[in-house]
Amino acid sequence: MPSPRLRFAPSPNGRLHLGHAYSALLNARVARALQGEMLLRIEDIDPVRCRPELTEALIDDLAWLGLTFPEPVWRQSARMSTYAAALDGLRGRGLIYPCTCTRREIQDAAGAARDPDGGPLYPGTCRGRPAPEAPHAWRLDMARALAACPGPHAYTSFAPGEPDVVRAADPARWGDAVLGRKDVPTSYHLAVVLDDAAQGITHVVRGRDLEAATDLHVLLQRLLGLPTPRYHHHDLIRDAGGEKLSKSLRSEALAALRERGASAAQLRARLGFGEDTGTA
Ligand code: GLU
């Protein structure tokens with residue numbers, strides 16, 4: 001059995017808020033319980049929205065919270081050639097195709113079917129078309145991918161102190177998902193499965209909002225010959241008394257709380273981590 005390894009994987013496109021703090025503290029708690037290690041991964045593939053100063057601020061906010069991580073911190077922006085190579089491999093196997101559709105064109109051509117995030121399911125407009133000169137995205141050919149890796153697909157879901165549960169995964173509900181963007185040779189989905197494998201992540205602890213994406217991640221792992229970690233998708237953050245924090249509070253920046261004089265200890269206690277100390 002590989003030694004337990006977890007990661008907190010924020011995107012530096014804004015300041016960290018209470019929702020991030022909860023997720024990071026929960027990762028640290030689980031890492032400690034498993035006597036494992038917890039890494040920080042900066043998911044900065046978006047060259048416009050992700051700014052270096054936000055990465056620095058994020059690391060600073062985490063340190064203030066009491067969380068430090070092994071160096072060097074993993075940055076996805078430094079991994080573009082690895083992502084491009086994986087895309088090339090998928091292209092060689094006929095599993096992805098170029099797509100020039102704009103958001104607008106997809107809106108107009110799509111039917112009523114939606115992906116799990118509520119976006120229109122891609123209607124397949126560019127499937128089978130030759131590669132264009134113009135910049136384009138790369139989409140997974142879901143039908144071919146499922147032919148190459150027929151189901152059933154599943155992953156193990158864990159929760160501290162509870163028995164593991166095997167969950168069925170239904171990648172088809174994502175349709176022909178984007179694996180390479182117009183501007184960078186990856187998308188969140190491709191980078192996350194490659195990096196979880198490259199970093200040796202055994203346990204993924206992340207928000208419930210990414211639970212549906214796991215169905216697609218499991219298929220990508222099979223296609224790329226990568227291991228599937230165990231997953232825990234946590235609920236919305238609650239305060240120490242078990243009440244859900246209001247949405248406005250959840251999205252409150254740690255920086256704003258710090259400026260108003262909140263201490264890290266108070267904040268940890270409020271999120272239900274009062275007993276926990278230090279990093280994993
Ligand atoms: N970067 C993603 C986010 O900030 C999290 C990715 C993950 O945990 O898989 O929402």
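Calculation notes
Residues numbered from 1 in each chain as written. Predicted model: local features only at pLDDT ≥ 70, side-chain atom pairs only at ≥ 80, totals over all residues. Heavy atoms only, no water. Pairing = 2+ DSSP bridges. Helix = DSSP H or I, 4+ residues; strand = E, 2+ residues; numbered from the N terminus. Contact = heavy atoms within 4.5 Å. Axes fitted to C-alpha atoms, helices over the stretch in contact; angles between N-to-C directions. Near = heavy atom within 4 Å. Polar contact = N/O pair within 3.5 Å; in protein donor to acceptor, adjacent residues only side chain to side chain. Areas by Shrake-Rupley, 256 points an atom, 1.4 Å probe, with all protein chains shown as cover. Nonpolar A, V, L, I, M, F, W, Y, C, P; charged D, E, K, R; others polar. UniProt positions renumbered as here; feature names shortened; annotations may be inferred. Salt bridge = Lys/Arg side-chain N within 4 Å of Asp/Glu carboxyl O. Buried < 20%, exposed > 50% of the residue type's maximum accessible area, 1.4 Å probe, protein only. Phe/Tyr/Trp six-rings, centres within 6.5 Å; stacked < 30°, edge-to-face > 60°. Parallel < 35°, antiparallel > 145°, perpendicular 65-115°, else oblique. Core = buried A, V, L, I, M, F, W, Y, C linked by side-chain atoms within 4.5 Å.

Trainee: Which parts of the structure should I look at to understand the sheet that holds strand 3 (residues 74-75)?
Mentor: For sheets, the rule is that strands pair by backbone hydrogen bonds, running either parallel or antiparallel. Pairing is parallel in the open sheet, where 3 strands are placed in the order 1-2-3. Edge strands, defined here as strands with exactly one partner in the open sheet, are strand 1 (5-8) and strand 3. Sheet analysis places strand 1 next to strand 2 (residues 37-42), joined by 4 bridges and oriented parallel. Within the sheet, the bridge partner assigned to Arg5 lies in strand 2 and is Glu37. Relative to strand 1, helix 1 (residues 18-33) is tilted by about 170°, and along the sheet it contacts strand 1 and strand 2. Most of the contacts of helix 2 (residues 52-65) go to strand 2, to which it runs at about 155°, and overall it touches strand 1, strand 2 and strand 3.

Trainee: Looking at this structure, how should I read the site of the ligand?
Mentor: Every residue near the ligand is listed here: Arg7, Ala9, Pro10, Ser11, Glu43, Tyr188, Val192, Arg206 and Leu210. The separation between a nitrogen atom of the ligand and a polar side-chain atom of Ser11 is 3.1 Å. A total of 300 Å² of accessible area belongs to the ligand in isolation, and the protein chains cover 79% of it. Taken together, the residues of the shell around the ligand break down into 5 nonpolar, 1 polar and 3 charged.

Trainee: Mind showing me how you'd approach the UniProt feature "domain: Glutamyl/glutaminyl-tRNA synthetase class Ib catalytic" (unreviewed entry) in the chain here?
Mentor: The feature "domain: Glutamyl/glutaminyl-tRNA synthetase class Ib catalytic" (unreviewed entry), as annotated in UniProt, sits at residues 5-112 and 174-247 in this numbering. Taken end to end, residues 5-112 comprises 46% helix and 15% strand; its first and last C-alpha atoms sit 41 Å apart.

Trainee: Just to check I follow, could you spell out the environment of Ala110 for this structure?
Mentor: Secondary-structure assignment places Ala110 in the loop between helix 4 (103-109) and strand 5 (137-140). Separated by 11 residues in the primary sequence, Ala110 and Leu121 have C-alpha atoms spaced 6.5 Å apart. Ignoring sequence-local partners within four residues, the contact set of Ala110 consists of Pro120, Leu121 and Pro123.

Trainee: Would you mind showing me how to read the pattern of salt bridges here?
Mentor: Where charged atoms from two side chains of opposite charge approach closely, those side chains can pair. This structure, assessed with the given rule, holds 21 salt bridges. Ionic pairing is found between Glu53 and Arg51, a salt bridge with its closest N-O pair at 2.9 Å. Residue classification places Arg51 among the partly exposed positions, given a relative accessible area of 41%. The partner of Asp176 in a salt bridge is Arg127, with the nearest N and O atoms 2.9 Å apart. One end of the pair, Asp176, is in the loop between strand 7 (165-169) and strand 8 (178-180); the other, Arg127, is in the loop between helix 4 and strand 5, with 49 residues separating them in the sequence. For Asp176, a relative accessible area of 5% puts it in the buried group.

Trainee: Just to check I follow, could you spell out the packing of aromatic side chains for this structure?
Mentor: Tallied over the full model, the rule gives 2 aromatic pairs. For the pair Tyr22 and Phe273, a centre-to-centre distance of 5.5 Å together with 65° between the ring planes defines the contact as edge-to-face. Taken together, the residues span a long stretch of sequence, with Tyr22 in helix 1 and Phe273 in the segment after helix 10 (264-270) at a distance of 251 residues. Accessibility expressed as a relative area gives 15% for Tyr22, which makes it buried.

Trainee: Would you explain the side chain of Asp215 in this entry?
Mentor: Relative to the elements of secondary structure, Asp215 occurs in helix 7 (residues 211-224). Judged by relative accessible area, which is 4%, Asp215 ranks as buried. Ignoring sequence-local partners within four residues, the contact set of Asp215 consists of Tyr155, Ala168, Ala169, Asp170, Pro171, Arg173 and Trp174.

Trainee: For this particular structure, what's the right way to read the packing of helix 3 (residues 80-92) against helix 6 (residues 188-198)?
Mentor: Angle between the axes and distance between the axes are the two parameters that describe a pair of packed helices. Helix 6 packs onto helix 3 with a crossing angle of 105° between their chain directions and a minimal axis gap of 10 Å. In this view, helix 3 runs roughly perpendicular relative to helix 6, as classed from their interaxial angle. Between helix 3 and helix 6, the residues in contact are Tyr83, Ala86, Leu87 and Leu90 and Leu190, Ala191, Leu194 and Asp195, respectively. Residue composition of the contact of helix 3 with helix 6, by class: 7 nonpolar, no polar and 1 charged.

Trainee: Looking at this model, I keep getting lost on the nonpolar core. Mind explaining?
Mentor: Nonpolar side chains in soluble globular proteins generally cluster together in the buried interior. In terms of nonpolar packing, the biggest core is built from 29 residues, with Leu62, Leu67, Leu254, Leu267 and Leu271 touching the most fellow members. Considering each element in turn, this core owes the most residues, 9 residues, to helix 1. Leave out the neighbours within four places in its chain, and Leu267 touches Leu18, Ala21, Trp64, Leu65, Leu254 and Leu257. In terms of nonpolar packing, the next biggest core, distinct from the first, is built from 28 residues, Met80, Leu95, Leu190 and Ala191 among them.

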